[in-house]
Amino acid sequence: MEIKDITFAYQDNIKRLHNIAAEIAIGKITTILGPNGSGKSTLLGVLTNNLAPQQGSVILEGKTIDKYKPKELAKKLGVVHQQNSAPHDMTVEKLVYYGRLPHKKPFNQHGEEDDAKVKWALERVGLYERRHTPMDALSGGQQQRVWIAMALAQDTPYLFLDEPTSNLDIFYQYEIMELVKELCEEENLTIVMVLHDINQAIQYSHEIITMKDGEIIAHGVPEEIITVQLMQEVYNVNVVIKQDPELGMYMVPIGI
Ligand code: ADP
Ligand code: MG
């Protein structure tokens, strides 16, 4: 996926993305980092054709994304948004079936392939046994896994996750990050996600994009781009960066 010189403003005409250009690595995990309001969700919106840029384009498999029919694009790109809510009595399985909509023919009930994909998605996130449970009876971490299952049932090569671990305790954060890693390694998904936890980003990403004020400040392999200077520039925080023989690189904030 190629991002070509994107400029974007909402209705208020204030530019929120400035000349964003990048290439998303296929079959890898790319994480977008940056302060609140730096344009991360806006960029995901543009990459998934939910927001139309004033300038520039996003090219997917040789074609600009706004040239795809909605159903065709929905077979390519799965998205889990930052905030999600389901009707309180909706069951897990019913929600995940919504992921099959792009694959449906008009007036068709779900067929064998839909059933198989929904089962696979629920097994993949470890919630098949809970398929008849109403959403509001699940924990936050389990609900997040259902939303991911819905995107998986959509059966797309690309998966976009906006802050999938925010609001989750460390147990569920770990579970989600391991799931993301497995999905990339075992299902060959290209994953683009927004995270707040810099150490999580270093640990799980093949590439990191850092943003500030609607611009990309750095893009590359975590070990190469995450530096004391970059953290100062992007977050206005002083950090120390450590190297652990087993854990690899991590950073600790020590001052502002
Ligand atoms: P992030 O995800 O990095 O926290 P966002 O992409 O949500 O940042 O927001 C980037 C900027 O765009 C912020 O200044 C935010 O207030 C603004 N913004 C976000 N959504 C809208 C909207 N619908 N209308 C106008 N401004 C918006
Ligand atoms: Mg956001």
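Residues numbered from 1 in each chain as written. Chains lettered and ligands numbered in written order. Predicted model: local features only at pLDDT ≥ 70, side-chain atom pairs only at ≥ 80, totals over all residues. Heavy atoms only, no water.

- The protein chain appears in an unreviewed UniProt entry as ABC transporter ATP-binding protein from Oceanobacillus luteolus.
- Within the UniProt record for the protein chain, the comment given under Subcellular location (unreviewed entry) is "Cell membrane". (UniProt positions renumbered as here; feature names shortened; annotations may be inferred.)

1. Some details on the sheet that holds strand β6 (residues 77-80)
Strand pairing within a sheet occurs via backbone hydrogen bonds; the two strands may be parallel or antiparallel.
Moving on, step 1. Across the sheet, six strands lie side by side as β6-β7-β8-β3-β9-β10; this open sheet has mixed pairing. Taken across any chain shown, the strands that pair with only one partner, and hence form the sheet edges, are β6 and β10 (215-220). Ignoring which end each strand starts from, the neighbouring axes of this sheet average 15 degrees apart.
Moving on, step 2. The pairing of β6 with strand β7 (residues 158-162) spans four bridges and is parallel. Across the sheet, the residue bridging to Gly78 is Leu159, located in β7. (Pairing = 2+ DSSP bridges. Helix = DSSP H or I, 4+ residues; strand = E, 2+ residues; numbered from the N terminus. Axes fitted to C-alpha atoms, helices over the stretch in contact; angles between N-to-C directions.)

2. Concerning the coordination of the magnesium ion (ligand 2)
Moving on, step 1. Protein-derived ligands of the magnesium ion (ligand 2) are Ser41 (OG) and Gln82 (OE1), with the metal-ligand distances lying across 2.1 to 2.5 Å. In this pair, Ser41 is assigned in helix α1 (residues 40-47) and Gln82 in the loop between β6 and α3 (92-97), connecting sequence segments 41 residues apart.
Moving on, step 2. Ser41 gets classed as partly exposed once you look at its relative accessible area, which sits at 31%. (Donors = N, O, S within 2.8 Å, 3.2 Å for Na, K, Ca; no water. Buried < 20%, exposed > 50% of the residue type's maximum accessible area, 1.4 Å probe, protein only.)

3. With respect to the environment of Ser57
Moving on, step 1. Relative to the helices and strands, Ser57 is located in strand β4 (residues 55-60).
Moving on, step 2. Look past the residues within four positions of Ser57 in its chain and what remains in contact with it is Glu2, Ile3, Lys4, Ile6 and Thr64. (Contact = heavy atoms within 4.5 Å.)

4. Focus: the site of ligand 1
Moving on, step 1. Looking at ligand 1, the residues that line it are Tyr10, Asp12, Arg16, Pro35, Asn36, Gly37, Ser38, Gly39, Lys40, Ser41 and Thr42.
Moving on, step 2. In the model, a nitrogen atom of ligand 1 is placed 3.5 Å from a nitrogen or oxygen of the Tyr10 side chain.
Moving on, step 3. In this structure, an oxygen atom belonging to ligand 1 sits 2.8 Å away from a main-chain N or O atom of Gly37.
Moving on, step 4. When ligand 1 is considered free in solution it has 560 Å² of accessible area, and contact with the protein chains removes 63% of it.
Moving on, step 5. The dominant element in the shell around ligand 1, judged by the number of residues it contributes, is α1, at three residues.
Moving on, step 6. In the shell around ligand 1, the residues fall into two nonpolar, six polar and three charged. (Near = heavy atom within 4 Å. Polar contact = N/O pair within 3.5 Å; in protein donor to acceptor, adjacent residues only side chain to side chain. Areas by Shrake-Rupley, 256 points an atom, 1.4 Å probe, with all protein chains shown as cover. Nonpolar A, V, L, I, M, F, W, Y, C, P; charged D, E, K, R; others polar.)

5. Examining the domain arrangement of the protein chain
Moving on, step 1. If you check the domain split of the protein chain, you get domain 1 (1-76 + 157-256) and domain 2 (82-155).
Moving on, step 2. Listed by partner, the interface residues are 20 residues for domain 1 and 19 residues for domain 2.
Moving on, step 3. Where domain 1 abuts domain 2, roughly 1700 Å² becomes buried across the two surfaces, and 57% of that area is made up of carbon and sulfur atoms.
Moving on, step 4. The largest contributions to the domain 1 side of the interface with domain 2 come from Lys71, Lys75 and Leu179, which together make up 26% of the buried area.
Moving on, step 5. One can count four salt bridges joining domain 1 with domain 2.
Moving on, step 6. Its salt-bridge partner being Glu182, residue Arg124 comes within 2.8 Å of it at the nearest N-O pair.
Moving on, step 7. Of all the secondary structure elements, the ones that give two or more residues to the side of domain 1 that touches domain 2 are α2 (70-74), β7 and α6 (170-187).
Moving on, step 8. In terms of residue count, α6 provides more of the side of domain 1 that touches domain 2 than any other element does, eight residues in total.
Moving on, step 9. Residues belonging to the side of domain 1 that touches domain 2 are distributed by class as follows: eleven nonpolar, one polar and eight charged. (Domains from an automatic or database assignment. Buried area = accessible area lost by both parts, 1.4 Å probe. Salt bridge = Lys/Arg side-chain N within 4 Å of Asp/Glu carboxyl O.)

6. Brief notes about a nonpolar patch on the surface
Moving on, step 1. Side chains of Tyr250, Val252 and Ile254 sit close together on the surface and give an oily, nonpolar patch of about 250 Å² of accessible area.
Moving on, step 2. Here Ile254 is to be found in strand β12 (residues 248-255).
Moving on, step 3. On the accessibility criterion, Ile254 (57% relative accessible area) is exposed. (Patch = residues over 30% accessible without salt bridge, like charges linked within 9 Å, V, L, I, M, F, W, Y side chains within 5 Å.)

7. Overview of the side chain of Thr133
Moving on, step 1. Structurally, Thr133 can be placed in the loop between α4 (112-124) and α5 (140-153).
Moving on, step 2. With relative accessibility at 14%, the residue Thr133 sits in the buried group.

8. Considerations on helix α9 (residues 228-235)
Moving on, step 1. Considered for burial, the residues of α9 that qualify are Leu230, Met231 and Val234. What you see down the axis of α9 is that its buried residues fit within an arc of 100 degrees, all on one side.
Moving on, step 2. On its buried side, α9 packs onto α7 (198-204), β9 (207-212), β10, α8 (222-225), β11 (238-244) and β12. (Arc of directions from axis to C-beta.)

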